[in-house]
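Chain residues, written in single-letter form:
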Amino acid sequence: MGPVGLDTCHENHEGEHFTQSAFTVDWKARKVTCPEGKISASWSDSERAAELSSRGCTSLPRTAAVAPCAKSAPRRRTANGAAACLSLLPRDQQEAVEARRREQLTDEWQQRYNIRAGVEGTISQAVRRTHIRRTRFTGLPKAHLSHVFAATTVNIIRLDAWLTQTPIGQTRTSHRPDLT
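## Looking at the overall build of the chain
Phase 1 of the analysis: A tally of regular secondary structure across the chain gives 4 helices and 7 strands.
Phase 2 of the analysis: Burial status across the chain gives 24% buried among its 180 residues.
Phase 3 of the analysis: Long-range pairs, those at least 24 residues apart, make up 51% of the contacts in the chain with a sequence separation of at least 6.
Phase 4 of the analysis: Taken as a whole, the chain presents about 12900 Å² of accessible surface, with 55% of it coming from carbon and sulfur.

Below you can see the structure in the form of structure tokens.
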């Protein structure tokens, strides 16, 4: 499984950052507490969530308006001066995302992700060299044979590079500092 997106944050005028995890969520009381200890003014389901709920959708975003505090006031206001909202997923999904973000920081997860990166490199090489995403043939047997030839081609290219000691390409590093 791939990484979950970074914990969203906004920078205020003084250059301070508050990530979503800096806020404390009380799901039962439907309140959010900012890093300065201020409690949210309101909590409401978004209109889009209500619309999706009526259709039986389970991935509903929730929002809680956070009362601005001294440190977050410059960045927690929208252009028209209204308090900005902290968007939350439903509780089980929000907690799963937060748990996944914590797991991504472990060495064990990094090692598993490195294996995935190697597999993705192989797939990328196959796509670039053999154009495997599109088949030139109609019918499953011919398409299968085309994929077998593509895999064989990639293996021969890699074997040749190993025998001739051709240096492999530089490993790309992620733009995300938590994944390097």
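On we go from here.
## Concerning the packing of helix α3 (residues 107–130) against helix α4 (residues 140–163)
Phase 1 of the analysis: Direction vectors running N to C along α3 and α4 enclose 105°, while the axes themselves pass 10 Å from each other. When the axis of α3 is compared with that of α4, the two are roughly perpendicular. Residues G121, T122, Q125, A126, R129 and T130 of α3 pack against A150, T153, V154, I157 and R158 of α4.
Phase 2 of the analysis: Of the residues that constitute the contact of α3 with α4, the class distribution is 4 nonpolar, 5 polar and 2 charged.

## Some thoughts on the packing of aromatic side chains
Phase 1 of the analysis: For the coordinates displayed, the defined rule picks out 1 aromatic pair.
Phase 2 of the analysis: Where W109 meets Y113, the ring centres are 5.1 Å apart and the plane angle is 10°; that geometry is what we call stacked. Of this pair, W109 and Y113 both sit in helix α3, 4 residues apart, roughly one helical turn.

## What about α3?
Phase 1 of the analysis: For α3, built from 24 residues, the straight-helix expectation of 34 Å at 1.5 Å per residue is met to within 8% by its first-to-last C-alpha distance of 35 Å.
Phase 2 of the analysis: Among the residues making up α3, those that are buried are W109, Q110, Q125, A126, V127 and T130.
Phase 3 of the analysis: The secondary structure elements touched by the buried residues of α3 are α2 (91–103) and α4.
Phase 4 of the analysis: Of the residues trailing α3, H131 is marked for its positive phi of about 55°.

## Observations regarding the pattern of salt bridges
Phase 1 of the analysis: One pass over the structure, following the stated rule, counts 5 salt bridges.
Phase 2 of the analysis: One salt bridge in this structure joins E103 and R112, with 3.0 Å as the shortest N-O distance.
Phase 3 of the analysis: The class of E103 is partly exposed, set by a relative accessible area of 30%.
Phase 4 of the analysis: R112 is paired through a salt bridge with E108; the nearest N and O atoms lie 3.4 Å apart. Of this pair, R112 and E108 both sit in helix α3, separated by 4 residues, roughly a single helical turn.

## Section: unusual backbone geometry
Phase 1 of the analysis: In this model, R30 sits at a positive phi of 55°, which is unusual for a non-glycine residue.
Phase 2 of the analysis: Within the secondary structure, R30 sits in the loop between β3 (24–26) and β4 (31–33).
Phase 3 of the analysis: Using a relative accessible area of 38% as the deciding quantity, one classes R30 as partly exposed.
Phase 4 of the analysis: One non-glycine residue, H131, adopts positive backbone phi at about 55°.
Phase 5 of the analysis: Here H131 lies in the loop between α3 and α4.

## A word on α4
Phase 1 of the analysis: When the terminal C-alpha atoms of α4 are compared, their 34 Å separation across 24 residues agrees well with the 34 Å that a helix rising 1.5 Å per residue should span.
Phase 2 of the analysis: Residues of α4 that are buried include every one of A143, A150 and V154, and no others.
Phase 3 of the analysis: Against the buried residues of α4 lie α3.
Phase 4 of the analysis: Positive phi appears at Q165, one or two residues downstream of α4, with a value of about 55°.

## Considering the confidence of the model for the chain
Phase 1 of the analysis: This prediction gives the chain a mean pLDDT of 74; 64% of its residues lie at or above 70.
Phase 2 of the analysis: No element of the chain has a lower mean pLDDT than helix α1 (residues 47–54), at 49, and none a higher one than α4, at 91.
Phase 3 of the analysis: Note that pLDDT drops below 50 for residues 50–60; the model gives that stretch 12 contacts with residues more than four away or on any other chain.
Phase 4 of the analysis: Long-range and interchain partners of residues 72–76, a stretch whose pLDDT sits below 50, account for 17 contacts in this model, where long-range means more than four residues apart.

Rules and cut-offs
- Residues numbered from 1 in each chain as written.
- Predicted model: local features only at pLDDT ≥ 70, side-chain atom pairs only at ≥ 80, totals over all residues.
- Heavy atoms only, no water.
- Helix = DSSP H or I, 4+ residues; strand = E, 2+ residues; numbered from the N terminus.
- Buried < 20%, exposed > 50% of the residue type's maximum accessible area, 1.4 Å probe, protein only.
- Contact = heavy atoms within 4.5 Å.
- Areas by Shrake-Rupley, 256 points an atom, 1.4 Å probe, with all protein chains shown as cover.
- Axes fitted to C-alpha atoms, helices over the stretch in contact; angles between N-to-C directions.
- Parallel < 35°, antiparallel > 145°, perpendicular 65-115°, else oblique.
- Nonpolar A, V, L, I, M, F, W, Y, C, P; charged D, E, K, R; others polar.
- Phe/Tyr/Trp six-rings, centres within 6.5 Å; stacked < 30°, edge-to-face > 60°.
- Expected span 1.5 Å × (residues − 1).
- Salt bridge = Lys/Arg side-chain N within 4 Å of Asp/Glu carboxyl O.
- pLDDT = per-residue confidence, 0-100.

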